[in-house]
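# Summary of the model geometry
Spelled out from the first residue to the last, the chains are:
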2 protein chains.
Amino acid sequence: MAIAEEKKLQSYCLDIAKRARQASTQLGLLSGDIKNAWLKASGQMLCDRSEELLAANRRDLEAAPSFGLTEAQSDRLRLTSERIESIAEGIRQVATLPEPIGEIIETTIRPNGLEIQKVRVPLGVVFFVYESRPNVTADAAAICLKSGNAVILRGGKEAAHSSRAIVEILIAAAKQTGVPEHAVQLVATQDREAVGYFLSMPEWIDLAIPRGGEGLIKRVATEAQMPVIKHFSGNCHVYVDTAADQEMAGAIVVNAKCQRMGVCNAAESLLVHADVADSFLPNICQRLYDEGVEIRGDEKTISLFSRAHRATDEDYRAEYLGPVISVRVVPSLEDAIDHINRFGSGHTDAIVTDQSSTAKKFAAAVDTAAVIINASTRFNDGGEFGLGAEIGISTDKFHARGPCGLKELTSYKYIVYGEGQTRA
Amino acid sequence: MAIAEEKKLQSYCLDIAKRARQASTQLGLLSGDIKNAWLKASGQMLCDRSEELLAANRRDLEAAPSFGLTEAQSDRLRLTSERIESIAEGIRQVATLPEPIGEIIETTIRPNGLEIQKVRVPLGVVFFVYESRPNVTADAAAICLKSGNAVILRGGKEAAHSSRAIVEILIAAAKQTGVPEHAVQLVATQDREAVGYFLSMPEWIDLAIPRGGEGLIKRVATEAQMPVIKHFSGNCHVYVDTAADQEMAGAIVVNAKCQRMGVCNAAESLLVHADVADSFLPNICQRLYDEGVEIRGDEKTISLFSRAHRATDEDYRAEYLGPVISVRVVPSLEDAIDHINRFGSGHTDAIVTDQSSTAKKFAAAVDTAAVIINASTRFNDGGEFGLGAEIGISTDKFHARGPCGLKELTSYKYIVYGEGQTRA
């Protein structure tokens, strides 16, 4: 890039960031009513102006083959009246969630009479980089604004026209309802350098959230000079204990693996206690196989189900997001825990057992965002957890772990009420 | 450094980090009783072995002039029987705090019967880099271990012998009480490179905490590939509103500035509403002047107190940590807020006012870890807030803000209890 061009791009990004910071200052003081009015107006306007959205989306769809998108990817990109209605409904849903900002998290009265309140406040400015479908544009803006944060959206080139049309509507709704105009901004350039510039502005941007493939997440995690909420891979396990109800275990394994294969909370690995391998494995392998799932197992698995292939360590580490499962027979609960802590990605790990002491041991020792006892891994999800809306599922431990809803996009401040106290 | 030496150092650091990770896995499952037994035994052994500590400390004191330490710095380094007793007492205090790990933060029962618990867990391994007095070695270890984290301590060279003697005792107490031996490790080398190696190991270390001068904090913040809890400067303000009780305001300003000048929650800047400048400023400036404080003010201040010097923007940004205060007369509450948000460091900012609406506006709009209404800034402190013990005061917004006690060194996991639920 020519120096002049580089400077222009840099100053374009800086202007966006500064406007976002300014908007965030106002946004943090807005009442819940105004934010909710914006959410409702946005939902309404998305439906009212659906022709405009569909036209923009057609341009993205026409360009899709030139980006090498598969048929399935094109389909995920496609907007229809129904999909627009569902995006609008998602935004309206966010309006019904309790107001997070200003919540008094804790109150303490000290012996000297000071009242110390811990109060929920926004983080400030969120930089959201994503590769996904157009609905993410609307979802991310809704969650960020409801939690009092200004957002800078940098979507993928494949959905550029659709995202721009959506953001134009969100901004029109903002003007109508008294939300700062620059509370939502879309980065208009697809220049890769632009992402780097935003990631180097910790004084203007408080949080970066990448959503997409591992390459994007790694890049953001490495370059960002501000905190990042990461959503790395979901290598989720189901461990079937010796004391498991095998019928329940079978239903959970099949649901966790097959109900939807391409998602982060789908099971990728099955661990079975040696004592129940003979009775449980042949049947469950057959059921998975019948669902079109390839089995990659250890020797014991292969000895019990001949159509299984040999699993490598790479398999035990893999997030397949598709019709493959790795299987291992483990001699003990401790071995199951060790396996998960070694190969897992800290996303979602389930145990099926009738023994409460076993479940407790597993829950305490497995280092993961969500331990699921006697249910499917597929439940680790903002909606299923009752958060109402989520911006991703964090596999980090710092600040936010698991599904990230409104609260996870907030910070807090202390407000101390005195009557002239001084320190002795 | 020769390549062979570099490799040796790197592998030394890696070994420490791996041992810490292993210890943290065990530590996270330890009962509060065992951790408390360790704290009490540590306190006892520090007192019992005080001769050993004093001898080690004498070696540090003898070397102090060669490090260019001032008399005052040497004094802070000095251990006495009383100071050892007070370190021990600090550790015993931590034993009396409620157990943070395993706390059920929230419970939700979903319509499908799933019970979702959000449970407090340790972060894992903390890398603590500090330049301060020997007592920090003991405090940091106590807080990290009580919150279930293994800690790698890298103290300053000035206190190397004292820190080593303290850590030896903490490890002896660990062996006695069943705490993993490598839960507390001291980095034996003073090599600067070693810090860099630890900061590049996000797979083994979950959190870095620098405590010391701005240079150290900046270095850690820049190099760390894991999250950092930063404690940047405390440029704390007191704003005296038009509706302030001037007697109260005077007492608060003098206490905030003078009660202890070298600490982060001391006031560095005084803002006075124009309407009360004439009545309030001459008197308060004289009182501060009498306490030996240099006044650096704007023109209005100088016109009211002739011994004031002219303040620059640098003054308004400064954390003096000493007998200087910057002063500005502001035309309105909004100007006070803007000044603080522009020049402040987000640490502690106080308002003195009788008007509750003014206090609320200030509390909402000032972007700071602690807003103090009608009391001294000096109260922003873990002990004063009732946290019991703190590892620093965070000026970040992410994860932990304000005083960092036990809870701020923890994360959470979700534990979901089902009865065979699968997702439809």
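## Let's talk about the overall build of chain A
Helix and strand counts for chain A come out as 15 helices and 16 strands. Against the globule reference of 22 Å for 424 residues, chain A gives a C-alpha radius of gyration of 24 Å, in line with a compact fold. For chain A, the residues scored as buried account for 53% of the 424 residues in total. The contacts of chain A with a sequence gap of at least 6 include a subset with a gap of at least 24, amounting to 71%.

## Digging into the pairing of strand E7 (residues 236-240) of chain B
Residue and element names in this part refer to chain B. Counting buried residues in E7 gives 5 out of 5 residues, a clear majority hidden from the surface. Side-chain alternation along E7 places Cys 236, Val 238 and Val 240 on one buried face and His 237 and Tyr 239 on a second face that is also buried. Pairing between E7 and strand E8 (residues 267-273): 5 bridges, direction parallel. What sits directly across from Val 240, in E8, is Val 272. Taken together, E7, helix H10 (residues 246-258) and E8 form a β-α-β motif whose crossover is right-handed. In this sheet, strand E12 (residues 348-352) lies alongside E7 in parallel orientation, the contact comprising 4 bridges. Residue pairing across strands places Val 240 opposite Val 352, the latter belonging to E12.

## A closer look at the interface of chain B and chain A
Chain B puts 49 residues into the contact, and the matching count from chain A is 49 residues. Looking at the side of chain B that touches chain A, the elements with two or more residues in it are H10, helix H15 (356-365), strand E13 (370-375) and strand E16 (410-421) of chain B. No other element matches E16(B), which puts 11 residues into the side of chain B that touches chain A. Classifying every residue of the side of chain B that touches chain A gives 26 nonpolar, 15 polar and 8 charged. Note: strand E13 (residues 370-375) of chain A against E16(B), 5 bridges, orientation parallel.

## A word on the relation of the copies chain B and chain A
Rotating chain B by 180° about the axis while translating it 0.0 Å along that axis superimposes it on chain A, leaving an RMSD of 0.0 Å. These values place the two chain copies in the arrangement generated by a two-fold rotation axis. Closest approach to the rotation axis among the C-alpha atoms of chain B is made by His399(B), whose C-alpha sits 2.0 Å away.

## Remarks on the domain arrangement of chain A
If you check the domain split of chain A, you get domain 1 (3-229 + 404-415) and domain 2 (236-384). When each unit is reduced to the centre of its C-alpha atoms, the spacing between domain 1 of chain A and domain 2 of chain A is 36 Å.

## Section: the sheet that holds strand E16 (residues 410-421) of chain A
Taken in spatial order, the 10 strands of this open sheet run E1(A)-E2(A)-E16(A)-E13(B)-E12(B)-E7(B)-E8(B)-E11(B)-E9(B)-E10(B), and their pairing is mixed. In the strand order of this sheet, the two ends are held by strand E1 (104-109) of chain A together with strand E10 (309-310) of chain B, each with one partner. The sheet contact formed by strand E9 (residues 294-297) of chain B and strand E11 (residues 324-330) of chain B spans 4 bridges and is parallel. Paired with Gly297(B) across the strands is Val327(B), a residue of E11(B). Strands in contact with H10(B) are E16 of chain A together with E7, E8, E11, E12 and E13 of chain B; relative to E12(B), the strand with the most contacts, it is inclined by about 160°.

## Regarding the nonpolar core
By size, the foremost hydrophobic cluster in this structure holds 134 residues, and its most contacted members are Val416(A), Val151(B), Ile152(B) and Ala208(B). Ranked by residue count, the leading element in this core is helix H6 (residues 134-146) of chain B, at 8 residues. Ala208(B) has contacts with Phe127(B), Val129(B), Leu199(B), Val220(B), Ala224(B), Met226(B) and Val228(B), leaving out every residue within four places of it along the chain. With 133 residues, the next largest nonpolar core counts Ala41(A), Ile143(A), Val184(A) and Ile252(A) among its residues.

## Some details on the sheet that holds strand E4 (residues 150-154) of chain A
Residues and elements named next belong to chain A. Overall, parallel pairing links the 4 strands, which are arranged E5-E4-E3-E6 in an open sheet. The open sheet terminates on both sides in strands that have one partner only, identified here as strand E5 (184-186) and strand E6 (207-211). Each adjacent strand pair in this sheet contributes to an overall mean axis angle of 20°, direction not counted. The pairing of E4 with E5 spans 3 bridges and is parallel. Across the sheet, residue Leu 153 finds its bridge partner in E5, namely Leu 186. Across the sheet, helix H6 (residues 134-146) lies against strand E3 (125-130), E4, E5 and E6, angled at about 160° from E4, the strand it touches most. Of the strands in this sheet, E3 and E6 are in contact with helix H9 (residues 214-223), which crosses E6 at around 165°.

The rules behind these values
Every chain is numbered on its own, with residues counted from 1 as its sequence reads. Naming scheme: in the order in which they are written, chains are lettered from A and ligands are numbered from 1. Predicted model: local features are reported for residues with pLDDT of at least 70 only, side-chain atom pairs are reported and counted for 80 or more only, and whole-chain, interface and lining totals are derived from all residues. Per the convention used, a helix needs a DSSP run of H or I reaching at least four residues, while a strand needs a run of E reaching at least two, with both numbered from the N terminus. With C-alpha atoms as the basis for the radius of gyration, the globule rule is written as 2.2 Å multiplied by the number of residues raised to the power 0.38. Burial is judged by counting other C-beta atoms within 10 Å of a residue's own C-beta: 20 or more means buried, 12 or fewer means exposed, and anything between counts as partly exposed, with every C-beta placed from the backbone. Once C-beta atoms have been placed from the backbone, residue pairs whose C-beta atoms lie within 7 Å are recorded as contacts. At least two bridges found by DSSP between two strands is the condition for calling them paired. When the strands point away from the viewer and the connection leading from the first strand across the helix to the second strand turns clockwise, the crossover is called right-handed. Residues are grouped as follows: nonpolar covers Ala, Val, Leu, Ile, Met, Phe, Trp, Tyr, Cys and Pro; charged covers Asp, Glu, Lys and Arg; every other residue, Gly included, is treated as polar. Overlaid copies result from least-squares superposition on C-alpha atoms, with residues included only where pLDDT is at least 70 in both. Domains are outlined according to an automatic or database domain assignment. Comment: axis = line fitted to C-alpha atoms, over the contacting stretch for helices; angle = value between 0 and 180 degrees taken between N-to-C directions. Under the definition applied here, buried Ala, Val, Leu, Ile, Met, Phe, Trp, Tyr and Cys residues are grouped into a nonpolar core through C-beta atoms within 7 Å.

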